[in-house]
Amino acid sequence: MSRRWPDVLWIVRHGQSAGNVASDAAHLAGLAEIAITERDVDVPLSPLGEQQAIALGRWFAAMPAHERPTVVLSSPYLRARRTAELIREAGGFAADLGIDADERLREKEFGILDRLTRGGVAERFPEQAEFRRLLGKFYHRPPGGESWCDVILRLRSALDTLSLHQREERVLIVCHQVVVLCMRYLLECMTEEEILGIDAEQEVANCSVTSYQFNPALGPKGKMELTRFNFVAPLEVAGAPVTRVPDKPVAAR
């Protein structure tokens, strides 16, 4: 039987970022705009985010060496790359193993709605708030930005590359909240209603683990089977506070 999938796939959201902290502060203050001076790609981890990444790295390090990641892929955004680096520094995977940045794993782009709170969108771009209400967050694409469908399109390509070059490997992906959910949509062949239902139930926590294992008994060629979703036990055991603030709490997160 021809294999097209890794043995294990871990999909991790980055640790809490300075942008998450600023977003929370803007909402609490009722502001229209989030106070971030950097490009989104350059937003760093917060001190708590670094603590979370180290805690997760120690969880991976506690695994036998033959069970740890053999391939590590990351969004090119600083908060994701730094999360992966801290996991490695904590012994989560081999010190000489590279971290490959893949722009297809980047954060969803928000276009003209970037840095705005939900109230800010309604105030400055009421027509976009109405479009989002009519179309739903899955299909709504703000000017200059992406819909969830756009993210899914680039992730289809990333999964094709994964199946071509990382089959039978143990792959760790460090990325963003919407990317985690869209990967579930693809790997589990979900509908719009199913994935948005999962999204509505809970936020994807910072440094949470969503994992899959190849199951040869699923279908004629085997499939990836979900083993964990939004798993935060490594943080709780290490005493690192769990945070669930969206990267950009705007109309379409």
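Residues numbered from 1 in each chain as written. Predicted model: local features only at pLDDT ≥ 70, side-chain atom pairs only at ≥ 80, totals over all residues. Heavy atoms only, no water.

(A) A look at the environment of Ile34. The residue Ile34 is located in the loop between helix H1 (18–29) and helix H2 (47–61) in this model. Using a relative accessible area of 1% as the deciding quantity, one classes Ile34 as buried. Along the sequence, Ile34 and Phe229 sit 195 residues apart, while their C-alpha atoms lie 29 Å from each other. (Helix = DSSP H or I, 4+ residues; strand = E, 2+ residues; numbered from the N terminus. Buried < 20%, exposed > 50% of the residue type's maximum accessible area, 1.4 Å probe, protein only.)

(B) Molecular detail of the nonpolar core. Counting 34 residues, the largest nonpolar core has Leu9, Ile11, Trp148, Leu155, Ile173, Leu187 and Ile195 as its most contacted members. The element that contributes the greatest number of residues to this core is helix H7 (residues 177–187), accounting for 9 residues. In this view, Leu187 contacts Trp5, Leu9, Ile11, Leu159, Tyr212 and Met224; residues no more than four positions away in its chain are not counted. One finds Trp10, Ala84, Leu86 and Leu97 within the second-largest nonpolar core, a separate group that totals 23 residues. (Core = buried A, V, L, I, M, F, W, Y, C linked by side-chain atoms within 4.5 Å. Contact = heavy atoms within 4.5 Å.)

(C) Representation of the packing of H7 against helix H8 (residues 192–201) within the structure. It is the contact of H7 with H8, at a shortest axis distance of 10 Å, that shows an interaxial angle of 145 degrees. The hand of the H7/H8 crossing is right-handed. Residues Leu181, Arg184 and Tyr185 of H7 form the contact with H8, whose own contacting residues are Glu192, Ile195, Ile198 and Asp199. (Axes fitted to C-alpha atoms, helices over the stretch in contact; angles between N-to-C directions. Left-handed = near helix turned anticlockwise from the far one by under 90°.)

(D) Representation of a nonpolar patch on the surface in the model. A surface patch of nonpolar side chains, amounting to about 430 Å² of accessible area, comprises Phe131, Leu134, Leu135 and Tyr139. On the secondary structure map, Leu135 appears in helix H5 (residues 126–135). On the basis of relative accessibility, which here comes to 47%, the residue Leu135 falls in the partly exposed class. (Patch = residues over 30% accessible without salt bridge, like charges linked within 9 Å, V, L, I, M, F, W, Y side chains within 5 Å. Areas by Shrake-Rupley, 256 points an atom, 1.4 Å probe, with all protein chains shown as cover. Salt bridge = Lys/Arg side-chain N within 4 Å of Asp/Glu carboxyl O.)

(E) Local environment of the sheet that holds strand E3 (residues 100–101). Taken in spatial order, the 6 strands of this open sheet run E3-E2-E4-E1-E5-E6, and their pairing is mixed. Every interior strand has two partners, whereas the edge strands, E3 and strand E6 (223–231), have only one. With 5 bridges joining them, strand E1 (residues 8–13) and strand E5 (residues 209–215) adopt antiparallel strand pairing. Across the sheet, Val12 pairs through a bridge with Val209, a residue of E5. (Pairing = 2+ DSSP bridges.)

(F) Just the confidence of the model for the protein, in detail. Overall, the predicted model of the protein reaches an average pLDDT of 93, with 96% of residues at or above 70. Here residues 249–253 is a poorly scored stretch, pLDDT under 50, and it has 30 contacts once near neighbours within four places are set aside; other chains count. (pLDDT = per-residue confidence, 0-100.)

(G) Just the pairing of E5, in detail. Taken across its 7 residues, E5 has 6 buried, putting it largely inside the fold. Pairing between E5 and E6: 6 bridges, direction antiparallel. Residue pairing for E6: Gln213 is matched across the bridge by Glu225.

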